[in-house]
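For reference, the chains in residue letters:
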Amino acid sequence: MNATFGSAAAQLVPLAAKDLDENKVTPGLLGFVIFALIGFSLWWLMKNMNKQFKKIDFEEQPQRTEQPEQSERAEAASAASGSEGPGSRKG
């Protein structure tokens with residue numbers, strides 16, 4: 001370690017922590033770079049996914065809405081004819 005870095009580090013030590021343990025392992029620069037790359041990758045993935053979703057174009061089919069009168073007539077007609085739905089059994 002050169003003298004300039006040593007004296008600068010000695011001045012910054014009180015700012016970092018009062019009890020500096022030199023045996024303590026910290027993530028350091030490599031941990032920050034990896035974390036930044038993961039963050040950048042996530043940002044790029046979200047941006048790309050948004051672009052792909054905007055390319056999707058489809059026509060939504062309207063939902064069928066039956067009038068209540070028509071459904072009541074259909075139920076009355078099926079009850080009068082005695083027909084039952086598929087899969088139902090008497091017995």
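Computed from a predicted structure; not experimentally measured.

Looking now at the overall build of the protein. Looking only at helices and strands, the protein has 3 helices and 0 strands in total. Overall, the protein shows an N-to-C arrangement of helices and strands of α-α-α. Taken across its 91 residues, the protein has 0% of its residues classed as buried. About 9500 Å² of surface is accessible on the protein, with carbon and sulfur atoms providing 59% of the total.

Moving on to the packing of aromatic side chains. Inspection of every chain in the model, using the stated rule, returns 1 aromatic pair. For the ring pair Phe-40 and Trp-43, a centre distance of 5.7 Å and an interplane angle of 35° mean the geometry is tilted. With Phe-40 and Trp-43 both in helix α2 (residues 28-55) and 3 residues apart, this pair spans about one turn of that helix.

What follows covers the confidence of the model for the protein. When pLDDT is averaged along the protein, the result is 76, and 58% of the positions lie at 70 or above. For the protein, the element scoring lowest by mean pLDDT is helix α1 (residues 3-16), at 61; α2 scores highest, at 96.

What counts, and at which threshold
Along every chain, residues carry numbers that run from 1 in the direction the sequence is written. Local features in this predicted model are restricted to residues whose pLDDT is 70 or higher, and side-chain atom pairs enter the listing and the counts only when it is 80 or higher, whereas totals over whole chains, interfaces and linings include all residues. Computation of side-chain values covers all heavy atoms of the structure but excludes hydrogens and water. Runs of E in the DSSP output that reach at least two residues are strands. Runs of H or I that reach at least four are helices, and both are numbered from the N terminus. Relative accessibility thresholds used throughout: buried, under 20% of the residue-type maximum; exposed, over 50%; partly exposed, between the two (1.4 Å probe, protein chains only). Method for areas: the Shrake-Rupley scheme with a 1.4 Å probe, in which residue coverage is limited to the protein chains shown. Pairing of aromatic rings covers Phe, Tyr and the six-membered ring of Trp, with a centre-to-centre limit of 6.5 Å; geometry is then stacked below 30 degrees between planes, edge-to-face above 60, and tilted otherwise. Confidence of the predictor at the level of single residues is captured by pLDDT, which takes values from 0 to 100.

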